[in-house]
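Below, each chain spelled out in residue letters.
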Amino acid sequence: MFNEENTTEQMIIDALSDSKVGWIYKTYEDLRDLYGRHDSDVFVESMVKDALIRLNPEIAAVPSRADEVIFKLRALVNSATKENLVTYNEKFKKLIFEENSFPFGENSKSISINFFGTEINGELDKNEYIITNQWVYPQQEGGKRFDIVLLVNGFPLVIGEVKTPTRAAITWLDGAQDLEDYETSVPEMFVPNVLVFATEGKCYRYASIRCPFKKWGPWRTDDNKEEGNLINVYKSVVDMLTPKHVMDFFQFFTLFATDEKYRKYKICARYQQYIGANKIISRVVNGYPKKGLIWHFQGSGKTLLMVFAAQKLRMLPQLHNPTIAIVDDRIDLESAMTDNFNVTDIPNTITASDRESLFNFFKNDTRKILITTIFKFGEVDSVLNTSSNIIVMVDEAHRTQEGDYGRRMRTALPNAFFFGLTGTPINKLDHNTFATFGAAEDENGYMDKYDFVDSLNDGATLPLDFIPGPVDLKIDKDKLDKEFENLTKGLTDEQKAELSARVGMDAIMTNPARIKKVVEHIVKHYVENVEPNGYKGQIVCYNREVCLLVKEELDKLLPEAESDIVMTTANDKADKYKKYRRNRDEEKKLLDRFRDARDPLKLLIVTDKLLTGFDAPTSNFSITLAITIVTFTLIQFNAFKKKGAGLFIKDLIWPPTNLLSAVSPLISLSMRLFGNILSGSILMGLVYSFTGWLSNFIIPFNFLGPVVAPVLHCYFDVFAGCIQTLVFITLSSILIAIEAED
């Protein structure tokens, strides 16, 4: 009879105990009879003692010193409760890697001891790697039984729960639920834990302790993107759970943070963060190539990727304490990045408050992590530091890097490593993210890629739900053209063109009658569909002037305290936007209010800010997109609010209706096959991925210079722009026709 023990569990044991992977299998009885483990032991004390003696000459000289260390470990483990488990998990890691001094030196001098061989001390091969199953704790009768336990030097660093693959109703979530129950009932067993995993033989998921189920992630490789059978699980397990990877996660790729309510939580790197960060680190360690592009789709966690990379780069002894610069192109992103580094307690992190502090940082060869904006390099006209031990990681690398600011930054740091991270690389003659950051050694122009399909499959990016507005709120181009012709009878074509140019889009968008109708529709939609579900929303406007007009109309329909404007107020000589001019702290407080479900602030009016890099709890968050939309902003906007029910876009702009007939059959079929929620994302993703894939064929021809390359790029840009614009702008109108037909 097939069950979890002789299918999934046995497969994992066989896979990991293969000599090529590196774990040695020991049964429950082996640990009891050969190593003296009792059911009430969290770790195998004889293994711990042997490792302490093996890795520390001072303890080898006086073996009884190991008992003193074990006593301290035992006290730490037994102090854990279900309420403070994460705190004690962090204390365990600190004891192992930071607070590991004992008075074992000459004349009782405190010295650091090693519990493990690590990448830092170069002794990974001195660890004892054991895989066991059916681990009992704390006693046979009424105790818990853990399916898979991975021990390193006697410590249970990884715990896995497996389920049978033969019952359709059973999934990995059942295993994850068991692990959550164990964390509550026997928390001391998880004090040394690095990560947990669950599988039913079809899907493999892993997480840190106390992680919500929706944040558990898969482990994928280039040749294992799919899931659904034991082979997929086998490939994930064999690739992820190697001894080297487990120790890498333990020391470098798990972090602890504190939320706004001062609660500790643990962060475990997702596979794309782990792979991307280690590719950066590998290039720095090897010294070449000195640049690279990380192309990870929006919402995939690029900020944490940089946090993990910075942490490991700073800790590797062979790099001699490098200088790391994290460069953004907006003050609000700089603030968000700083917050991420601060909440995870990454040491020696500072910000450059002004250009002078930036100059001094590099001129003084400061060996810390600097977070700054590209604009502070604006006055650089000479070299600031010639060191090759500087690593620059540029967030949103598709913006600003080809211009004067990017050139000045490279002038200031001529020998630094430059790594760009972006979800929307651009490939044009005058704006080429691949050329700026891509190394010649990277065949496709990037060193690592995590695309739209990966992001959607993993749940890092959510589907879009296009909800079209009533037709009378849209701009009827045909009617507008007809009325324009009536009004301009008798004028020459040149006069008509001049008059048309003077009217422009601003006049249409700021029309008070239209603003009034649009706001009334938004409020009705919000009150009836969004607010009852406990969500909040954003209204994205055409420009700053429209923001003011929308706010004015909103205040007539809703209490003034329920909405506010967040926008850039620079170049406001007339003080038109003075009321909404805020410093960094004031804006942060406003956004914290918006994140708070209990606060009356329900709607934010924006035009360019908060479309990317802004996180809000999805339990009380939705999106209303009104007034206007643009291609790359939509892609980034799609991703910025992940982990919820989806992204709801209320489109209130006229689309080019003369193009509808060309794409209507395709979109209509998609709507009928996948429904409104998924099809928007699927079509956008296919178009975006397709044009991105095509760009790979253009990149190799850049070397042809000013004769062939410009022609190829021009043709490609026109083609890609037409396709993307066609889909992005017309999608919501197709929905109108489909819904009307239904």
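Residues numbered from 1 in each chain as written. Predicted model: local features only at pLDDT ≥ 70, side-chain atom pairs only at ≥ 80, totals over all residues. Heavy atoms only, no water.

Student: Account for the overall build of the chain, naming residues and giving values.
Tutor: For the chain, the helix and strand inventory stands at 24 helices and 22 strands. In the chain, which comprises 742 residues, the share counted as buried stands at 53%. Looking at the chain alone, contacts between residues at least 24 apart form 73% of all its contacts between residues at least 6 apart. (Helix = DSSP H or I, 4+ residues; strand = E, 2+ residues; numbered from the N terminus. Buried < 20%, exposed > 50% of the residue type's maximum accessible area, 1.4 Å probe, protein only. Contact = heavy atoms within 4.5 Å.)

Student: An account of the pairing of strand 21 (residues 603–606) is requested, with residue identities and associated values reported.
Tutor: The side-chain alternation of strand 21 yields two buried faces, one formed by Leu603 and Ile605 and the other by Leu604 and Val606. In this structure, strand 19 (residues 537–540) lies alongside strand 21, joined through four bridges in parallel fashion. Residue pairing for strand 21: Ile539 is matched across the bridge by Ile605. Where strand 20 (residues 563–566) and strand 21 come together, four bridges link them in parallel fashion. Along strand 21, the bridge assignment pairs Val566 with Val606. Assessed by its sense of winding, the connection that carries the chain from strand 20 through helix 21 (residues 584–595) to strand 21 is right-handed. (Pairing = 2+ DSSP bridges. Right-handed = clockwise from strand over helix to strand, strands pointing away.)

Student: Tell me about the nonpolar core, and please be specific about residues and values.
Tutor: The biggest cluster of nonpolar side chains holds 117 residues, and the ones touching the most others in it are Phe115, Phe146, Leu157, Phe190, Leu241, Phe249 and Met393. With eight residues, the single largest contributor to this core is helix 11 (residues 302–315). Those residues within four positions of Phe146 in sequence are excluded, and the remaining contacts are Asn133, Gln134, Trp135, Tyr137, Ile159, Tyr182, Val186, Met189 and Phe190. Judged by nonpolar contacts, the second largest core, of 25 residues, contains Ala325, Phe377, Val392 and Ala412. (Core = buried A, V, L, I, M, F, W, Y, C linked by side-chain atoms within 4.5 Å.)

Student: Can you lay out the sheet that holds strand 11 (residues 291–296) for me, pointing to particular residues and giving the numbers?
Tutor: Within a sheet, adjacent strands bond to each other through the backbone by hydrogen bonds, running parallel or antiparallel. Read across the open sheet, the seven strands follow the order 13-14-12-15-16-11-17; overall the sheet is parallel. In the strand order of this sheet, the two ends are held by strand 13 (349–351) and strand 17 (448–450), each with one partner. Across the sheet, the axes of successive neighbouring strands diverge by a mean angle of 20°, strand direction being ignored. Of the strands in this sheet, strand 11, strand 12 (323–328), strand 14 (369–373), strand 15 (390–395) and strand 16 (417–422) touch helix 11, which is tilted by about 175° from strand 15. Its contacts with the sheet place helix 13 (residues 355–363) against strand 12, strand 13, strand 14 and strand 15, and it is angled at close to 145° to strand 14. (Axes fitted to C-alpha atoms, helices over the stretch in contact; angles between N-to-C directions.)

Student: Which residues make up the environment of Tyr265, and what are the values?
Tutor: Along the polypeptide, Tyr265 turns up in strand 10 (residues 264–268). Through-space distance from the C-alpha of Tyr265 to that of Cys211 is 8.0 Å; in sequence the pair is 54 residues apart. Among all residues touching Tyr265, those that are not within four sequence positions of it are Val86, Leu255, Phe256, Ala257, Thr258 and Asp259.

Student: Kindly report on the environment of Asp18, identifying the contributing residues and their values.
Tutor: Mapped onto the fold, Asp18 is located in the loop between helix 1 (5–16) and strand 1 (24–25). On the basis of relative accessibility, which here comes to 34%, the residue Asp18 falls in the partly exposed class. Residues Asp18 and Val238 lie 220 residues apart in sequence; the distance between their C-alpha atoms is 9.4 Å.

Student: Any chance you could break down empty space enclosed by the protein for me, citing the residues and the numbers?
Tutor: Scanning all chains against the criterion turns up six cavities of 30 Å³ or more. In this structure, the largest cavity spans a volume of roughly 70 Å³. Lining the largest cavity are 13 residues, and of these Tyr204, Trp219, Arg220, Glu227 and Ser236 lie nearest its centre. With three residues, helix 8 (residues 230–240) is the single largest residue contributor to the lining of the largest cavity. Partitioned by chemical class, the residues of the lining of the largest cavity number five nonpolar, three polar and five charged. (1 Å grid on protein atoms, 1.4 Å probe; cavity = no way out; pocket = protein on both sides within 12 Å on 5 of 7 lines; lining within 4 Å. Points joined across faces, edges and corners; volume = space filled by probe spheres on them. Nonpolar A, V, L, I, M, F, W, Y, C, P; charged D, E, K, R; others polar.)

Keep in mind that these numbers describe shape and distance, not what the molecule does.
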